[in-house]
Amino acid sequence: ERYTTEQIVWARAASHFVFVLALFVPAVGVAVVRTTTLKWQVIRSMVHLMSMLFFFTGVKYLPLAKAASISFTAPFFVALLAWPMLGERLTLNRFIAIIVAFLGVLVIIRPGTDVFQWASLYMLGSAICYALYQILTRKVAGYDSAETTAVYSALVGTVIMSVVAPFAWTPIASWTDAGLLFSLGIIGGTAHYFVARAMTYAEASII
């Protein structure tokens, strides 16, 4: 409520980027930024940035429970996209799960009714972008280490939002707020590392 979306996304991306660099560079060295799939890593990072922008915009206008419920539809889109993008087989059980998830989306969003909120579309956009992000994470998992992938997750967001955020900056009110903003990157960076590791062991649609 106190800060702009641009500022929050910058804090999320930049603290993530700094945190994973501090975590992995001492052990791996500069090799952590070496990638054999630079194009896909950059595209991954751009999609992740879009997901964050949609999410932090939508959550300003929706109750957290509803926002989270819509964002949890990302696995539905992963299962749907894993077949054409990764060649992962779509089994009957997964197809049924997709249908159930889609019905769940309609129940939550309720398009065409008086309770429909346009901000729900931000959360839906975030879920779709995050699904693409996971698909691309699986795509690079066979080429780059999880450490490298975790670093690149926030690279584009850090660069772009470092340019954008100063024009939408609100003074940080307290050290508590600063700590909360920085914690977004620590929690997010750790989570994205776990996702990158998981994607090296199993298909995206299963994960």
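Residues numbered from 1 in each chain as written. Predicted model: local features only at pLDDT ≥ 70, side-chain atom pairs only at ≥ 80, totals over all residues. Heavy atoms only, no water.

Caption draft 1: Local environment of the overall build of the chain. Looking only at helices and strands, the chain has nine helices and zero strands in total. For the chain, the C-alpha atoms occupy an extent of roughly 45 × 40 × 25 Å along the three principal directions. In the chain, which comprises 207 residues, the share counted as buried stands at 43%. A separation of at least 24 residues holds for 90% of the contacts in the chain among residues at least 6 apart in sequence. Of the accessible surface of the chain, which amounts to about 10900 Å², a share of 71% is contributed by carbon and sulfur atoms. Within the chain, the 8 negative side-chain charges are centred at a point lying 6 Å from the centre of the 13 positive side-chain charges. (Helix = DSSP H or I, 4+ residues; strand = E, 2+ residues; numbered from the N terminus. Buried < 20%, exposed > 50% of the residue type's maximum accessible area, 1.4 Å probe, protein only. Contact = heavy atoms within 4.5 Å. Areas by Shrake-Rupley, 256 points an atom, 1.4 Å probe, with all protein chains shown as cover. Lys, Arg positive; Asp, Glu negative; His and termini not counted. Charge placed at Lys NZ, Arg CZ, Asp CG, Glu CD.)

Caption draft 2: Focus on the packing of aromatic side chains. Scanning the model with the defined rule gives nine aromatic pairs in all. When the centroid spacing of 5.2 Å and the interplanar angle of 45° are considered together, the rings of Phe24 and Tyr193 count as tilted. With Phe24 in helix α1 (residues 5-28) and Tyr193 in helix α9 (residues 175-198), this pair connects stretches of sequence that are 169 residues apart. Comparing Phe24 with Tyr193, the two get one shared label, buried. On the basis of an interplanar angle of 45° and a centroid distance of 6.1 Å, the ring pair of Tyr193 and Phe194 is categorised as tilted. Each residue in the set Phe54, Tyr61, Trp118 and Tyr122 is aromatic and connected to the rest through ring pairs, giving one cluster. (Phe/Tyr/Trp six-rings, centres within 6.5 Å; stacked < 30°, edge-to-face > 60°.)

Caption draft 3: Here's a closer look at a nonpolar patch on the surface. Taken together, the side chains of Leu92, Phe95, Ile96, Ile99, Val100, Phe102, Leu103 and Leu106 define a hydrophobic patch exposed on the protein surface, amounting to about 750 Å² of accessible area. As for its placement among the helices and strands, Val100 is situated in helix α5 (residues 92-109). (Patch = residues over 30% accessible without salt bridge, like charges linked within 9 Å, V, L, I, M, F, W, Y side chains within 5 Å. Salt bridge = Lys/Arg side-chain N within 4 Å of Asp/Glu carboxyl O.)

Caption draft 4: Focus on the confidence of the model for the chain. Residues with a pLDDT of 70 or more make up 99% of the chain, whose mean pLDDT is 89. When mean pLDDT is taken per element in the chain, helix α2 (residues 38-58) scores highest with 95 and α5 scores lowest with 81. (pLDDT = per-residue confidence, 0-100.)

Caption draft 5: Examining the layout of surface pockets more closely. Empty space within the largest pocket amounts to approximately 550 Å³. Broken down by secondary-structure element, the contributors of at least two residues to the lining of the largest pocket are α2, α3 (64-71), α4 (74-86), α6 (120-141) and α9. Looking at the lining of the largest pocket, the element that brings in the most residues is α9, giving six residues. Residues belonging to the lining of the largest pocket are distributed by class as follows: 14 nonpolar, six polar and one charged. As a volume, the second largest pocket reaches approximately 430 Å³. Lining of the second largest pocket is provided by 15 residues; of these, Glu1, Tyr3, Ile8, Phe56 and Val59 occupy positions nearest its centre. Of all the elements in the fold, those that place two or more residues in the lining of the second largest pocket are α2 and α9. (1 Å grid on protein atoms, 1.4 Å probe; cavity = no way out; pocket = protein on both sides within 12 Å on 5 of 7 lines; lining within 4 Å. Points joined across faces, edges and corners; volume = space filled by probe spheres on them. Nonpolar A, V, L, I, M, F, W, Y, C, P; charged D, E, K, R; others polar.)

Caption draft 6: Broad picture of helix α7 (residues 146-153). Of all eight residues in α7, eight are buried, a share of seventy percent or more. Ala146, Glu147, Thr148, Thr149, Ala150, Val151, Tyr152 and Ser153 are the residues of α7 that are buried. Contacts from the buried residues of α7 go to α1, α2, α6, α8 (155-164) and α9.

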